[in-house]
Amino acid sequence: MLTSDLPPSDPAFDCAIAGLGPFERAPRLVAAVSGGRDSTALALMAKAWTAARGGELLAFTVDHRLRPESADEAAIAGARLAPFGIPHRILTRTGPLARGNVQAAARKARYELLAKACRHAGALHLLLGHHLEDQGETAAMRAERGSGALGLAAMAPVSELADMRLLRPLLERPRWELEAYLARLGVEWIDDPTNLAPSSARGRLRAAMTPAQLAALGREAAARASGRREREDRTAGLLAGTVELHDSGIARVDIARMLASPDGGAGLGRLLATLGGKVHPPRSARIAGLAARLRDAPAASVLGGCALMRTRTGWWCGREAGRIGDVLRLGPGERGLWDGRFEVVNPGPSPVAVGRRPRAAAAKSRPWPAALDRALPAFFSEDGRLLEPKGAACHLDETAYPCATFRPRAPLAGPGFALVSSGAELN
């Protein structure tokens, strides 16, 4: 293996990641590295890019403990990056996975571990190694599930979470280009047998289709992504003109204007996902049913864990209180996400529990219905007493009081799905 302080730059990577900005003056990035060819090449390319800008790259590997050799493989992944000056950390999953789809549960645990580690590292950008064939596989699997045109656009190059961005700068790159890059450096990689297992959806696709066929599907997804971006830009404009979003996570909505727009269904779906603490909106058929009901001007309607309620001041939308079962327990100094909507901080000195507001605690002076107010967070002591703040700040009368900030899993209007880089549409 060649030994170097820095890996060589890759012009195609540099062009792609430049289109995923903006970045801070000295970018601090994290690469999710499994040890496979894709993520290993990603880390080396990103190291060269960040170093040229006075920034820093960190590499995190999640050990899912799904196979006996996973711990050794995680250590090997870091050892292969060390000669290039890339700091590496192993994040080990502990505890049982949720029942059902093991791979989906492992993927969810992976992102949770990576997000937490990025926060602790002060990194705003997490790089993922998905490439052109991965894009094709995703499009094929969504087609099997009957996804519409938006779903068939497959993966976005940028996804915004509450406090970080997921970046996929390799979506235009076929696997063989990444292999060639590593071969020039003499760097080896690990092939995860899970990806080839016939029991997994991706394993079945890779057995049934050639890399060229998957790459072609990936390019088709890129073409759909252009149309998806145009629709999302229109939807963002519609939301800006029809939704007044309060910092409590409750919104006043101009329903008539929204439903009059050809993009009204998309706007409703995005609104329900954000206020309901979800990542994805309800299925389009259910949104169409909601729109039909709203045109009859009822007093209220529900969908996706949210309630739409009509008052003399207009239509209001917020979380449906009766659907909230989440209770978040935080020790002194801890923070967490409650109900997918609120980032909660407990500055101490005693443990607290976060749950929905009791009926008697609903505010009387709000412009929205009290039923929506009950879906806001309330704080309870260890013995179940409701903690009442004496003001708006976290620290009151020398007593630290917990704070909640509306930080939903998905923004009301995020970045466009397809981004332009060096004159070409990214997938």
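Above this text sits the structure in question.
This report concerns the structure included in the present document.

Concerning the overall build of the protein
Here's step 1: Secondary structure summary: the protein contains 12 helices and 21 strands in total.
Here's step 2: Burial analysis of the protein (427 residues in total) assigns 47% to the buried set.
Here's step 3: Within the protein, contacts between residues separated by at least 24 positions form 66% of all contacts whose residues are at least 6 apart in sequence.
Here's step 4: In the form shown here, the protein has an accessible surface area of approximately 20,400 Å², with 53% of it arising from carbon and sulfur atoms.

Remarks on the packing of helix α2 (residues 37–52) against helix α6 (residues 175–185)
Here's step 1: As a packed pair, α2 and α6 sit with axes 9 Å apart at the nearest point and diverge in direction by 60 degrees. Classified by the angle between their axes, α2 and α6 sit oblique to one another. You can see that α2 and α6 cross each other, and the crossing is left-handed. Across the interface between the two elements, R37, D38, T40, A41, L44 and M45 from α2 touch R175, L178, E179, Y181, L182 and L185 from α6.
Here's step 2: When its residues are assigned to classes, the contact of α2 with α6 shows seven nonpolar, one polar and four charged.

What to know about the side chain of R341
Here's step 1: Position of R341 among the secondary structure elements: in the loop between β13 (335–338) and β14 (342–345).
Here's step 2: Within the local environment of R341, its side chain forms a polar contact with the side chain of D339, the two groups lying 2.7 Å apart.

Some details on the environment of A371
Here's step 1: In this structure, A371 sits in helix α12 (residues 370–373).
Here's step 2: C-alpha separation for the pair A371 and G318, spaced 53 residues apart in sequence, amounts to 9.1 Å.
Here's step 3: Setting aside anything within four residues of it in sequence, one finds A371 in contact with M309 and A321.

Digging into the packing of aromatic side chains
Here's step 1: By the definition in use, this model includes four aromatic pairs.
Here's step 2: An angle of 65 degrees between the planes, with centres 5.9 Å apart, marks the rings of W316 and W368 as edge-to-face. Here the residue W316 occupies a position in strand β11 (residues 314–319), and W368 occupies one in the loop between β15 (352–356) and α12, the gap between them amounting to 52 residues.
Here's step 3: For W316, a relative accessible area of 4% corresponds to the buried category.
Here's step 4: On the numbers, 6.3 Å between centres and 45 degrees between planes, the contact of W338 with F342 is tilted. Here W338 and F342 have matching classes, each one buried.
Here's step 5: Here the aromatic cluster, defined as three or more aromatic residues joined through ring pairs, consists of W338, F342 and F406.
Here's step 6: Directly above the aromatic system of F60 lies the positively charged group of R89, at a separation of 5.9 Å from the ring centroid.
Here's step 7: One cation-aromatic arrangement involves R110 over Y111; the distance from NZ or CZ to the ring centre is 5.5 Å.

A few points about helix α1 (residues 11–18)
Here's step 1: Among the residues of α1, F13, A16 and I17 are the ones counted as buried. Along α1, the residues classed as buried sweep out an arc of 90 degrees about the axis, all on the same side. Residues P11 and A18 are exposed on α1 and point more than 90 degrees away from its buried face.

With respect to unusual backbone geometry
Here's step 1: Following G21, the chain continues to P22 via a peptide bond in cis, the omega torsion being 10 degrees.
Here's step 2: Positionally, P22 belongs in the loop between α1 and β1 (28–32).
Here's step 3: Positive phi is not limited to glycine here, since D339 has a value of about 60 degrees.
Here's step 4: Within the secondary structure, D339 is located in the loop between β13 and β14.
Here's step 5: Taking the relative accessible area as the measure of exposure, D339 reaches 9% and is therefore buried.

Regarding the pattern of salt bridges
Here's step 1: Enumeration over the complete set of coordinates arrives at 19 salt bridges.
Here's step 2: A salt bridge links E69 to R67, with the shortest nitrogen-to-oxygen separation between them at 2.7 Å.
Here's step 3: Judged by relative accessible area, R67 falls into the buried class, the value being 18%.
Here's step 4: Residues joined in a network through salt bridges with shared partners are D10, R173 and E177.

Points about the sheet that holds strand β6 (residues 165–167)
Strand pairing in a sheet is mediated by backbone hydrogen bonds. Such pairs are either parallel or antiparallel.
Here's step 1: The strand order across the open sheet built from six strands is β3-β2-β1-β4-β6-β5, with neighbouring strands paired in mixed fashion. Each edge of the sheet is formed by a strand with only one pairing partner; in this case those strands are β3 (88–92) and β5 (158–160). Here the average twist between neighbouring strands, direction ignored, is 25 degrees.
Here's step 2: The sheet contact formed by strand β2 (residues 56–63) and β3 spans five bridges and is parallel. Considered in β3, the bridge of A59 is made with H88.

Here we look at the sheet that holds strand β7 (residues 243–245)
Here's step 1: Strand order in the open sheet formed by five strands is β7-β8-β11-β10-β9, and the pairing between neighbours is antiparallel. If you trace the sheet from one side to the other, it starts and ends with β7 and β9 (300–303), each paired once. The sheet shows a mean angle of 20 degrees between the axes of neighbouring strands, direction not considered.
Here's step 2: As judged from the six bridges shared by strand β10 (residues 306–311) and β11, these two strands associate in the antiparallel manner. Pairing of L308 across the sheet is with C317, part of β11.
Here's step 3: Most of the contacts of helix α10 (residues 264–275) go to β11, to which it runs at about 45 degrees, and overall it touches β7, β8 (251–253), β9, β10 and β11.
Here's step 4: In the packing of helix α11 (residues 284–295) onto the sheet, contacts are made with β9, β10 and β11, and the angle to β9 comes to roughly 180 degrees.

A look at α6
Here's step 1: Along α6, the residues classified as buried are R175, L178, Y181, L182 and L185. Take α6 and look down its axis: the buried residues cluster within an arc of 125 degrees, on one side only. Facing away from the buried side of α6, by more than 90 degrees, are the exposed residues W176, A183 and R184.
Here's step 2: Just downstream of α6, G186 is the residue with a positive phi angle, here 70 degrees.

The rules behind the values
- Residues numbered from 1 in each chain as written.
- Predicted model: local features only at pLDDT ≥ 70, side-chain atom pairs only at ≥ 80, totals over all residues.
- Heavy atoms only, no water.
- Helix = DSSP H or I, 4+ residues; strand = E, 2+ residues; numbered from the N terminus.
- Buried < 20%, exposed > 50% of the residue type's maximum accessible area, 1.4 Å probe, protein only.
- Contact = heavy atoms within 4.5 Å.
- Areas by Shrake-Rupley, 256 points an atom, 1.4 Å probe, with all protein chains shown as cover.
- Axes fitted to C-alpha atoms, helices over the stretch in contact; angles between N-to-C directions.
- Parallel < 35°, antiparallel > 145°, perpendicular 65-115°, else oblique.
- Left-handed = near helix turned anticlockwise from the far one by under 90°.
- Nonpolar A, V, L, I, M, F, W, Y, C, P; charged D, E, K, R; others polar.
- Polar contact = N/O pair within 3.5 Å; in protein donor to acceptor, adjacent residues only side chain to side chain.
- Phe/Tyr/Trp six-rings, centres within 6.5 Å; stacked < 30°, edge-to-face > 60°.
- Lys NZ or Arg CZ within 6 Å of the ring centre and 35° of its normal.
- Arc of directions from axis to C-beta.
- Salt bridge = Lys/Arg side-chain N within 4 Å of Asp/Glu carboxyl O.
- Pairing = 2+ DSSP bridges.

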